[in-house]
Amino acid sequence: MSIEVVAYDPSWQDRFEKVAAALSGALADGPPASIEHVGSTSVPGLAAKPILDIDVIVAPEDVPAAVAALVRIGYRHRGDLGVAGREAFFAPDEEPRRHVYVCAAGTLNVRNHLAVRDVLRRRDDLRDEYAAVKLALAADPAMDIDTYIARKSDVLQKVLAAADLTDAERRQILSLNDPSSTQ
């Protein structure tokens, strides 16, 4: 299965806002939450897989209540998929295509998502370098998702070096994205 990476689409922000409004409504009577558009579709000008990534960030003790709120509006809970502090969901509909996660505030996963987004929004050079890598990888019709993620690791490490993450945290992220890395 090939990887689809497309040019930036300004409508991604509008699509995020509609999903965020529905998520906010579901959480209105529940725990306080920050709903963040993360991933490549959140960076103006960045080529991306046309799938929104959305983190619903809550206090660690509020994760179960937030999970329950999303389930009530039709999201199907998938568990943490091996990432502690992050609960994944299948969306109740197909449009817009999206990955939605309930995340415990302060975890490395959340800090990673926000750091990558924020650095790429302010550093056109890194945004363009990252886009070039993604497009080159996606051009290979035999590319699989695990290899795609692993081969983006070098440029993502450059992005994270421009963030406030420690060397140890960057190594931990690298080991998650590219288990074969020796750093």
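Below you will find a few notes about this structure. Each residue is numbered by its place in its chain's sequence as written, counting from 1. Local features are withheld for residues below a pLDDT of 70 in this predicted model, meaning they are given only at 70 or higher, and side-chain atom pairs are given and counted only at 80 or more; totals for whole chains, interfaces and linings count all residues. Side-chain calculation: all heavy atoms of the structure are included, whereas hydrogens and water are not.

With that out of the way, let us pick up the packing of helix α3 (residues 108–122) against helix α4 (residues 124–138). Where α3 meets α4, the axes come as close as 5 Å, and the angle between the chain directions of the two elements is 110°. The pairing of α3 with α4 is recorded here as roughly perpendicular in orientation. On α4, the residues that touch Val119, Leu120 and Arg122 of α3 are Asp124, Leu126, Arg127 and Tyr130. Of the residues contributing to the contact of α3 with α4, the split by class is four nonpolar, no polar and three charged. Lines fitted to C-alpha atoms define the axes here, with helix axes fitted over just the stretch in contact, and angles between the N-to-C directions of these axes take values from 0 to 180 degrees. Each helix corresponds to a stretch of at least 4 residues labelled H or I by DSSP, and each strand to a stretch of at least 2 residues labelled E; elements are numbered beginning at the N terminus. An angle below 35 degrees is read as roughly parallel, one above 145 as roughly antiparallel, one from 65 to 115 as roughly perpendicular, and any other as oblique. Contacts are assigned to residue pairs that have any heavy atoms within 4.5 Å of one another. Under the convention adopted here, Pro, Cys and the residues Ala, Val, Leu, Ile, Met, Phe, Trp and Tyr are nonpolar, Asp, Glu, Lys and Arg are charged, and Gly plus all remaining residues are polar.

The subject of this paragraph is unusual backbone geometry. Following Glu95, the chain continues to Pro96 via a peptide bond in cis, the omega torsion being -10°. Structurally, the position occupied by Pro96 is in the loop between β4 (86–90) and β5 (98–104).

Here we have five strands laid out as an open sheet, ordered β1-β2-β5-β4-β3, and mixed in their pairing. The open sheet terminates on both sides in strands that have one partner only, identified here as β1 (34–38) and β3 (76–79). Neighbour-to-neighbour, the strand axes of this sheet turn through a mean angle of 30°, independent of strand direction. In this sheet, strand β2 (residues 52–58) lies alongside β1 in antiparallel orientation, the contact comprising five bridges. Two strands are counted as paired when DSSP detects at least two bridges linking them.

This part takes up α4. For α4, built from 15 residues, the straight-helix expectation of 21 Å at 1.5 Å per residue is met to within 8% by its first-to-last C-alpha distance of 21 Å. Think of it in three bands: with a 1.4 Å probe and only protein chains considered, a residue is buried below 20% of the maximum accessible area for its type, exposed above 50%, and partly exposed in between. For α4, the full list of buried residues reads Leu126, Arg127, Tyr130, Ala131, Lys134, Leu137 and Ala138. Taken around the axis of α4, the buried residues stretch over an arc of 135°, which confines them to a single face. In the core, the buried residues of α4 are packed alongside α3, α5 (145–151) and α6 (153–161). A helix is expected to span 1.5 Å for every residue after the first. Directions pointing from the helix axis toward each C-beta atom define the arc.

On to the packing of α3 against α6. Contact pair α3 / α6: the axes reach a minimum separation of 9 Å and the direction vectors enclose 85°. The angle between α3 and α6 places the two elements in the roughly perpendicular class. On α6, the residues touching Asn112, Ala115, Val116, Val119 and Leu120 of α3 are Leu156, Val159 and Leu160. Split by residue class, the contact of α3 with α6 holds seven nonpolar, one polar and no charged.

Counting buried positions over the five residues of β4 gives four, a clear majority of the element. When β3 meets β4, the two strands line up antiparallel, connected through three bridges. Paired with His77 across the two strands is Phe89, which belongs to β4. From the end of β3 to the start of β4, which pair antiparallel, there are six residues, and Leu81 there has a positive phi angle of about 50°. Of the strand pairs in this sheet, β4 and β5 are connected by four bridges, and their pairing is antiparallel. For Phe89, the partnering residue across the bridge sits in β5 and is Val100.

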